[in-house]
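# Observations on chain architecture
Now for the letters of each chain:
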Amino acid sequence: MKNSECVIEQYRGSKLVRTFTPTEDSAYPWSMNVNGKRYPRTSGWVLSKVLLTLVDGSRVKTKVIHKNK
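Reference entry: report on the structure contained in this document.

Criteria and thresholds
- Residues numbered from 1 in each chain as written.
- Predicted model: local features only at pLDDT ≥ 70, side-chain atom pairs only at ≥ 80, totals over all residues.
- Heavy atoms only, no water.
- Core = buried A, V, L, I, M, F, W, Y, C linked by side-chain atoms within 4.5 Å.
- Buried < 20%, exposed > 50% of the residue type's maximum accessible area, 1.4 Å probe, protein only.
- Contact = heavy atoms within 4.5 Å.
- Helix = DSSP H or I, 4+ residues; strand = E, 2+ residues; numbered from the N terminus.
- Pairing = 2+ DSSP bridges.
- Axes fitted to C-alpha atoms, helices over the stretch in contact; angles between N-to-C directions.
- Polar contact = N/O pair within 3.5 Å; in protein donor to acceptor, adjacent residues only side chain to side chain.

Counting residues in hydrophobic clusters, the biggest one holds eight residues: Cys6, Ile8, Phe20, Trp30, Met32, Val34, Val46 and Val50. With sequence-adjacent residues up to four places away left out, Met32 is seen in contact with Arg18, Thr19, Phe20, Lys37, Arg38, Tyr39, Arg41 and Trp45.

Pasting the structure below:
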């Protein structure tokens, strides 16, 4: 699956905390959406936020949603 084919959602409990959506910008290939605002993000930055949720006991859960074309 390519970055452009998915959206990443992060939840704390049942509340959606933030989403990461792909962009066409090669410098900032992700857009972080939180509290109605958008922030450009690098792949490394997004990966650092996703990896933390993979640890046992993490309060944040990550879902990868496949976008329909």
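Most of strand S1 (residues 6–12) is tucked away, with six of its seven residues classed as buried. Pairing geometry for S1 and strand S5 (residues 60–66), over seven bridges, is antiparallel. By the bridge assignment for S5, Tyr11 is matched with Lys61. Relative to strand S2 (residues 15–22), S1 runs antiparallel, the two being bridged by five bridges. Bridge pairing links Glu9 to Thr19 in S2. Remark: two residues form the turn of the hairpin made by S1 and S2, two consecutive strands paired antiparallel; Gly13 in that turn has positive phi of roughly 70°.

Pairing is antiparallel across the open sheet formed by five strands, whose spatial order is S4-S3-S2-S1-S5. Looking at strand neighbours, the two that pair on one side only are strand S4 (37–41) and S5, the edges of this open sheet. Each neighbouring strand pair of the sheet contributes to a mean axis angle of 25°, computed without reference to strand direction.

Below, the discussion takes up the environment of Lys63. One can find Lys63 in strand S5. In this structure, the C-alpha to C-alpha distance between Lys63 and Thr21, residues 42 residues apart in sequence, is 12 Å.

Now for unusual backbone geometry. For Asn35, which is not a glycine, the phi torsion comes out positive at approximately 50°. Tracing the sequence through the fold places Asn35 in the loop between strand S3 (30–34) and S4. Here Asn35 falls in the exposed class, since its relative accessible area comes to 75%.

Turning our attention to the side chain of Asn33. If you trace the backbone, Asn33 turns up in strand S3. Polar side-chain contacts of Asn33 include one of 3.5 Å to the side chain of Ser31. Residue contacts for Asn33: discarding those within four places in its chain leaves Arg18, Thr19, Thr21 and Arg38.

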